[in-house]
Amino acid sequence: MKKTVMMAALAGTALVATSALAEDVTLTVESWRNDDLTLWQDKIIPAFEAANPGIKIKFTPSAPTEYNAVLNSKLDAGSAGDLITCRPFDASLALFEAGHLADLDDMEAMGNFSDVAKSAWQTDDGAASFCVPMASVIHGFIYNKDAFAELGLEVPTTEDEFFAALEKIKEDGTYIPMAMGTNDQWEAATMGYNNIGPNYWRGEEGRKALIAGEQKLTDEQWVAPYATLAKWADYLGDGYEAQTYPDSQNLFTLGRAAIYPAGSWEISGFNTQADFEMGAFKAPVKAAGDTCYISDHTDIGIGMNAATAHPEAAKAFLTWVASPEFASIFGNALPGFFPLSNAPVELEDPLAKEFVSWRGECESTIRSTYQILSRGTPNLENETWGASAAAIKGTETPEALGEKLQSGLASWYEPQQ
Amino acid sequence: MQKPRIRWHIAVFLAPAVLIYTSVMIFPLFNTLRLALFQEVDQARVYVGLENFRTLFFDPIWSKQFWNALGNNFWFFLIHMLVQNPIGVVLAALLSHPRLRFAALYRSAIFIPTILSFVIVGFAWKLILSPIWGIAPSMLDAVGLKALFAPWLGKEEYALTTLALISVWQFVGIPMMLIYAALLSIPEEILEAGEIDGVTGAAAFWKIKLPLILPSIGIISILTFVGNFNAFDLIYASQGALAGPDFSTDILGTFMYRTFFGFQLQLGDPHMGSAIAGAMFAIILLGVCLYLFGIQTRMRRYQL
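All values reported here derive from a predicted model rather than from experimental measurement.

Cut-offs and rules
Residues numbered from 1 in each chain as written. Chains lettered and ligands numbered in written order. Predicted model: local features only at pLDDT ≥ 70, side-chain atom pairs only at ≥ 80, totals over all residues. Helix = DSSP H or I, 4+ residues; strand = E, 2+ residues; numbered from the N terminus. Rg over C-alpha atoms; globule rule 2.2 N^0.38 Å. Contact = placed C-beta atoms within 7 Å. Buried ≥ 20, exposed ≤ 12 C-beta atoms within 10 Å, placed from the backbone. Nonpolar A, V, L, I, M, F, W, Y, C, P; charged D, E, K, R; others polar. pLDDT = per-residue confidence, 0-100. Core = buried A, V, L, I, M, F, W, Y, C linked by C-beta atoms within 7 Å. Axes fitted to C-alpha atoms, helices over the stretch in contact; angles between N-to-C directions. Parallel < 35°, antiparallel > 145°, perpendicular 65-115°, else oblique. Pairing = 2+ DSSP bridges. Left-handed = near helix turned anticlockwise from the far one by under 90°.

This part is about the overall build of chain A. The secondary structure content of chain A amounts to 18 helices and 10 strands. The C-alpha atoms of chain A give a radius of gyration of 24 Å, which matches the 22 Å a tight globule of 417 residues would have. Overall size of chain A, expressed as C-alpha extent along the three principal axes, is 100 × 50 × 35 Å. Here the contacts in chain A between residues at least 6 apart in sequence split such that 78% fall between residues at least 24 apart.

What follows is the structure in structure tokens.
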């Protein structure tokens, strides 16, 4: 009798234990987005767990500047989480090549994304994809609607209209026409060159031709944006040479500048800081009616640790990340970080809506220097920062800058030799 | 005869310092130099001998950056030698004047910036000189000299000099203190003897005090040299790792940092970074040796 009870009790605990095991698949997410911790805990994880009983998610972010180093050492030690937030391009590609990220091509949900969206997390030949694209940032210009109304300005769509508007703001003198500085250099390249450039090099067409070696940085379409940037100098504030990125943000949100060359990541910050109405317009095209191209830059993805103990559960999560449900939670919680899936997402923030609406009108591309071309020394992206700042300041001619970048790229990149 | 005892206590007392110093200073130093002899090829570390140094000095892309950084470093050092140390000597001479009132107050006020963090100094001066919010343009405006103002930190031709002067502002307290101490140690009798011979005022400074503080000035120069060639923090805090505008403020420290740890899309290359660190070490070693054997041994010392 006693023995049977014992057996039953043992069997009972064993059963409980197995069922607990089956229930408790816990997936850990590695990320550098510690800003998003509450978003994950309050919205993303509950939504996923409600739809997928049996899988628990733990979000364990680290500081952005430490992420790459921390992740690498965890992966080498075998203690990294099941899901890994992916930096775009080479950092993640290196992880895939070292066998740390799993190939996700057999996942059906990858079909929800366009080729441009996937390009940041693919091998150079596009044969294997290893991260699900989560979000991108779009470039354009944010403007002060009140200032535009006050001066009777229309939103510019062509380059001529753009410079005419700047000229008018300058003549009036109430506002600094455009808030940007060259002190930190990257704004000149990211919000300057790569913002207006795609209209010149026709987005993906030019970017891919450059990678293939069919176009050169000395070609007209790559040099002309520098010439246009040089014209910006007249419309930036006094002493823009020493103006930093936070200076520009403050100038604009304090209402002292009319136009701000922007990336969409500014939206949530500007919404809380500015007390005037804001609108956005895309990079102006050369002539009315031209096809427009926007920089819709892939920024965050998520992949699976190849060494995970729960590949099925991890794939279930990745599939959910690729779904419209996730896109709508993420896109609305972080206005300015746009979900990349093809399914339309209803955004609530008017400014974010404006940015994302350009996807329907224009061709998307990514920043020209990010894929493959910034692998060697000298680093093309860093060089472009300096070149864009020099173009605005007029310390070098656009042609000389093109020459310099081309010879730097050709020194290590074979297709350009 | 008594057998000489092994004096264990010497080893015991030396051990902690030697162990700690070896593990945190000497070992990393030599390991860095060793690292400079390798290169990573296909995820494996390969011994390449002096190849990295050849790249650094003879590859046009690398050597251009290296010589630019080295040149900037010399300029940075020159400004310190020409501005910081003479001002330090003058301040010390003024402070040691027996009839100066509030000497202690001035001394502390001038010394305080030295204990501030580079980040604070860099940020504060960036704000002061900011063309948008800074007080420098409005102060110049108040005295009618607005035309003299330029966005100094953003102009290639001024940025490095501006940063060097900021650094001078921060560190002028150190030569001042050292020379002040040296001046105080000059016995009154010597000065009185000079007075009897008719050497007073400025002549007393040039003929009696200056020769007596020369060894201190020598030490200060070598400290400045080592400090300047290891400098990094101020440039990084105010101009970032790319040492803008257009690398005009790039010194060896920022060049090494950028190469070693990578920046933005540029992946870190610890091997080339170590090669630069090795070159920095060699330059500083050479400078210190030149001073020790070339100048210090020949300096005349006076028994006080």
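Attention now goes to the overall build of chain B. Secondary structure assignment for chain B yields 13 helices and four strands. Here chain B has a C-alpha radius of gyration of 24 Å; the compact-globule value for 304 residues is 19 Å, and the former is much larger. Overall size of chain B, expressed as C-alpha extent along the three principal axes, is 90 × 80 × 30 Å. Counting every position in chain B, which comprises 304 residues, the buried fraction comes to 30%.

A word on unusual backbone geometry. The step from Thr-377 of chain A to Pro-378 of chain A runs through a cis peptide bond, and the omega angle for that step is 0°. By the element assignment, Pro-378 of chain A lies in the loop between β10 (363-365) and α17 (380-393). Residues other than glycine seldom take positive phi values, yet Phe-89 of chain A does so here, at roughly 60°. Along the polypeptide, Phe-89 of chain A turns up in the loop between β3 (83-86) and α4 (90-97). The class for Phe-89 of chain A is buried, based on 23 C-beta atoms found within 10 Å. Backbone geometry places Phe-247 of chain B, a non-glycine residue, at a positive phi of 60°. In this structure, Phe-247 of chain B sits in the loop between α11 (233-239) and α12 (252-261). Using a count of 19 C-beta atoms within 10 Å as the deciding quantity, one classes Phe-247 of chain B as partly exposed.

This part covers the environment of Ala-313 of chain A. Residues and elements named next belong to chain A. By the secondary structure assignment, Ala-313 is in helix α14 (residues 311-321). With 241 residues separating them in the primary sequence, Ala-313 and Asn-72 have C-alpha atoms 23 Å apart. If we ignore the near neighbours within four places in the chain, the residues touching Ala-313 are Val-25, Leu-27 and Ile-55.

So, on to the interface of chain A and chain B. The interface is formed by 27 residues belonging to chain A together with 22 residues belonging to chain B. Those elements giving two or more residues to the side of chain A that touches chain B turn out to be α12 (245-253) and α17 of chain A. Top contributing element to the side of chain A that touches chain B by residue count: α17 of chain A, with six residues. Tallied by class, the residues present in the side of chain A that touches chain B amount to eight nonpolar, 13 polar and six charged.

Now for the confidence of the model for chain A. Scored by pLDDT, chain A comes out at a mean of 89, with 94% of its residues at no less than 70. The model gives residues 10-21 of chain A a pLDDT under 50, and that stretch makes zero contacts with residues more than four places away or in other chains.

Glancing now at the confidence of the model for chain B. Residues and elements named next belong to chain B. Model confidence for chain B is summarised by a mean pLDDT of 90, while 99% of its residues fall at 70 or above. At the level of individual helices and strands, chain B shows its lowest average pLDDT in strand β4 (residues 266-267), which scores 76, and its highest in helix α7 (residues 156-171), which scores 95. For this predicted complex, the interface confidence reaches an ipTM of 0.81, while the overall pTM sits at 0.83.

We now examine the nonpolar core. Met-178, Ala-257, Ile-302, Phe-317 and Leu-318 of chain A together with Ile-276 of chain B are the most contacted members of the largest nonpolar core, which has 154 residues in total. Take this core: its biggest share by element is eight residues, from strand β4 (residues 132-144) of chain A. Residues contacting Met-178 of chain A, with those up to four places away along its chain left out, are Leu-166, Trp-232, Tyr-235, Leu-236, Ala-257, Ile-259 and Pro-261 of chain A. Counting residues in hydrophobic clusters, the runner-up holds 11 residues, among them Val-89, Tyr-180, Leu-183 and Ile-213 of chain B.

Another aspect to go through is α12 of chain A. Residues and elements named next belong to chain A. The set of residues buried in α12 consists of Asp-247, Ser-248, Leu-251, Phe-252 and Thr-253. Elements that come into contact with the buried residues of α12 comprise β5 (176-178), α8 (186-196), β6 (257-263) and α13 (267-273). Directly beyond the C-terminal end of α12, a positive phi value near 80° is found at Gly-255.

Right, let's get into the environment of Glu-171 of chain A. Mapped onto the secondary structure, Glu-171 of chain A falls in helix α7 (residues 159-172). A C-alpha to C-alpha distance of 13 Å links Glu-171 of chain A and Leu-236 of chain A, two positions 65 residues apart in sequence.

Our next topic: the environment of Thr-397 of chain A. Structurally, Thr-397 of chain A can be placed in the loop between α17 and α18 (398-410). Here the alpha-carbon distance between Thr-397 of chain A and Val-223 of chain A, two residues 174 residues apart in the chain, equals 9.6 Å.

With that settled, the discussion passes to the packing of helix α10 (residues 201-229) of chain B against helix α13 (residues 270-295) of chain B. Between two packed helices, what matters for the description is the angle formed by their axes and the separation of those axes. Residue and element names in this part refer to chain B. Contact geometry for α10 and α13: axes closest at 10 Å, N-to-C directions at 170°. On the basis of their axis angle, the class for α10 and α13 is roughly antiparallel. Where α10 abuts α13, its residues Gly-218, Ile-222, Phe-225, Val-226 and Phe-229 lie against Met-280, Ile-283, Ile-284, Gly-287, Val-288, Tyr-291 and Ile-295. Across the contact of α10 with α13, the residue classes break down as 10 nonpolar, two polar and no charged.

Here we take up the pairing of strand β8 (residues 293-304) of chain A. Residues and elements named next belong to chain A. Burial runs high along β8: 12 of the 12 residues are buried. Sheet analysis places β4 next to β8, joined by six bridges and oriented antiparallel. In the sheet register, Ala-135 faces β8, and the bridge partner there is Ile-300. Bridging between β8 and β10 involves three bridges; their strand directions are parallel. Opposite Tyr-293, over in β10, you have Glu-363 as the bridge partner.

Turning next to the pairing of strand β1 (residues 38-41) of chain B. Residue and element names in this part refer to chain B. One ladder, built from four bridges, connects β1 with strand β2 (residues 44-47); its direction is antiparallel. The partner of Val-41 across the bridge, within β2, is Ala-44. The loop that links β1 with its antiparallel partner β2 comprises two residues; one of these, Asp-42, has a positive phi angle of about 50°.

Moving on, we come to the packing of helix α11 (residues 220-232) of chain A against α18 of chain A. All names here are of chain A. Between α11 and α18, whose axes approach to 8 Å, the crossing angle comes to 135°. Comparing their axes, α18 and α11 come out oblique. When you trace α11 past α18, the crossing you get is right-handed. Seen from α11, the contacting residues are Trp-222, Val-223, Tyr-226, Ala-227 and Ala-230; seen from α18, they are Pro-398, Glu-399, Leu-401 and Gly-402. When grouped by side-chain class, the residues that make up the contact of α11 with α18 number seven nonpolar, one polar and one charged.

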